[in-house]
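Coordinate analysis (summary)
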Amino acid sequence: MSSLRSTRSPSTALRSSDGDAWRAAQARRWLRSVRAARERARAAREMADAQREALDGIRGIDYASDAVSSGAGDDAVMRAVSAMQAAVRSYAAAEAEATGIVADAFERLSRLDAPLACRLLTLHYLRNLTWGQVGDEVGYSERSVRRLSTVALADAYDVMPHEMRYPRHPAI
């Protein structure tokens, strides 16, 4: 198994085989699914915000008028409130799921032997920084960070959830 604890330069620390490339690809797929969970929660929040803004323009029953009626406005309010409640429920479920997935991923990555590997993967996949920004954070060039990330991903295979290691076709 490769390790980032080496004192060698980033370019000489990288010695990956075909097996390591496959392991890195599987770990990358897992971490991208973690990022996707966060994106789903963000999209659900935007949907709830859009529903809230849509409620601003709807008026309910005007009790101050001489003739009080329950016209089409009542239905519009009920539909808008119902849509808002559904959007908030959807957001709450997506946020709870994403929070659990991200916490699990962070806990698993913290088990890596190399602190640098944990930091690289956490910054890029869990904190959504670009590889260039990750390089600035850790003091390496973007190119070196990308190379180190391949080794870190191969190491992350050992701590990723077992069900993500061996992908199954949806038809199975």
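Residues numbered from 1 in each chain as written. Predicted model: local features only at pLDDT ≥ 70, side-chain atom pairs only at ≥ 80, totals over all residues. Heavy atoms only, no water.

**Some details on the overall build of the protein chain**
Going by this rule: Only DSSP runs of H or I covering at least 4 residues are called helices, and only runs of E covering at least 2 are called strands; the numbering of each starts at the N terminus. The contact criterion used throughout is that any non-hydrogen atoms of two residues lie within 4.5 Å. All accessible-area figures derive from a Shrake-Rupley calculation using a 1.4 Å probe, and residue coverage is judged against the displayed protein chains alone.
Secondary structure assignment for the protein chain yields seven helices and zero strands. Taken from the N to the C terminus, the helices and strands of the protein chain come in the order α-α-α-α-α-α-α. When contacts within the protein chain are restricted to residue pairs at least 6 apart in sequence, those whose partners lie at least 24 apart make up 71%. Accessible surface computed for the protein chain: about 10600 Å², of which carbon and sulfur atoms make up 52%.

**Notes on the pattern of salt bridges**
Worth spelling out the cut-off: Should a side-chain nitrogen of Lys or Arg be within 4 Å of a carboxyl oxygen of Asp or Glu, the pair is scored as a salt bridge.
What the rule picks out here adds up to ten salt bridges. One salt-bridge network, in which partners are shared between bridges, spans D20, R23 and D158.

**Focus on the packing of helix α4 (residues 115-126) against helix α6 (residues 142-156)**
The description of two helices packed together rests on the angle between their axes and the distance between the axes. Going by this rule: Every angle, taken between N-to-C directions, lies between 0 and 180 degrees, and every axis is a line fitted to C-alpha atoms, over only the stretch in contact when it is a helix. These descriptions rest on fixed angle ranges, namely under 35 degrees for roughly parallel, over 145 for roughly antiparallel, 65 to 115 for roughly perpendicular, and the rest for oblique.
One way to put it is that α4 packs onto α6 with a least axis distance of 9 Å and a crossing angle of 105°. Accordingly, the angle class assigned to the pair α4 and α6 is roughly perpendicular. Facing L116, A117, L120, L121 and Y125 of α4, the residues of α6 in contact are V145, L148, S149, A152, L153 and A156.

**Remarks on helix α5 (residues 131-138)**
An α-helix turns once every 3.6 residues. As a result, residues three or four positions apart point the same way. Put simply, the rule reads: Whether a residue is buried, partly exposed or exposed follows from its accessible area with a 1.4 Å probe, protein chains only, as a fraction of its type maximum: under 20%, in between, or over 50%, in that order. An arc is given here, and it is the one of the directions from the helix axis to the C-beta atoms.
Among the residues of α5, W131, V134 and G135 are the ones counted as buried. For α5, the angular spread of the buried residues around the axis is 100°, confining them to a single face. In the core, the buried residues of α5 are packed alongside α4 and α6. The positive-phi residue at the C-terminal boundary of α5 is G139, with phi of around 85°.

**Focus: the confidence of the model for the protein chain**
Segments scoring low in pLDDT should not have their predicted coordinates read at a detailed level. Quick note on the threshold: pLDDT is a residue-level measure of predictor confidence that goes from 0 to 100.
Overall, the predicted model of the protein chain reaches an average pLDDT of 82, with 76% of residues at or above 70. Confidence, expressed as mean pLDDT per element, reaches its minimum in the protein chain at helix α1 (residues 10-13) with 41 and its maximum at α5 with 96. A low-confidence stretch, residues 5-15 stays under pLDDT 50, and its non-local contacts, those more than four residues away or across chains, total eleven contacts.

**Looking at the nonpolar core**
Cut-off, in case you're wondering: We call a set of buried residues a nonpolar core when its members are Ala, Val, Leu, Ile, Met, Phe, Trp, Tyr or Cys and they connect through side-chain atoms within 4.5 Å of each other.
W30, L31, L109, L112, L121 and L153 are the most contacted members of the largest nonpolar core, which totals 29 residues. Listed by contribution, the elements that provide at least two residues to this core are α2 (18-56), α3 (72-109), α4, α5 and α6. It is α4 that contributes the most residues to this core, seven residues altogether. Sequence-distant contacts of L153, that is, excluding residues within four places in its chain, are made with R23, A24, A27, R28, L31, L121 and Y125. One finds A37, A41, A44 and A98 within the second-largest nonpolar core, a separate group that totals five residues.

**Concerning the packing of α5 against α6**
Rules: Under the convention adopted here, Pro, Cys and the residues Ala, Val, Leu, Ile, Met, Phe, Trp and Tyr are nonpolar, Asp, Glu, Lys and Arg are charged, and Gly plus all remaining residues are polar.
Taken N-terminus to C-terminus, the directions of α5 and α6 make an angle of 95°; their axes are 8 Å apart at the nearest point. Comparing their axes, α6 and α5 come out roughly perpendicular. Touching W131, G132, V134, G135 and V138 of α5 are E142, V145, R146 and S149, all from α6. Of the residues belonging to the contact of α5 with α6, the class tally is four nonpolar, three polar and two charged.

**Considerations on the packing of aromatic side chains**
Quick reminder of the rule: When two rings of Phe, Tyr or Trp (its six-membered ring) have centres within 6.5 Å they constitute a pair, described as stacked for plane angles under 30 degrees, edge-to-face for angles over 60, and tilted for the intermediate range. By the criterion adopted, a ring carries a charge over it if an Arg CZ or a Lys NZ lies within 6 Å of its centre and within 35 degrees of its normal.
Scanning the model with the defined rule gives two aromatic pairs in all. Look at Y125 and W131: their rings are 6.1 Å apart centre to centre, the planes differ by 80°, and that puts the pair in the edge-to-face class. Owing to a relative accessible area of 3%, Y125 belongs among the buried residues under this scheme. R165 extends its terminal NZ or CZ atom over the ring of Y157, reaching a point 5.2 Å from the ring centre.

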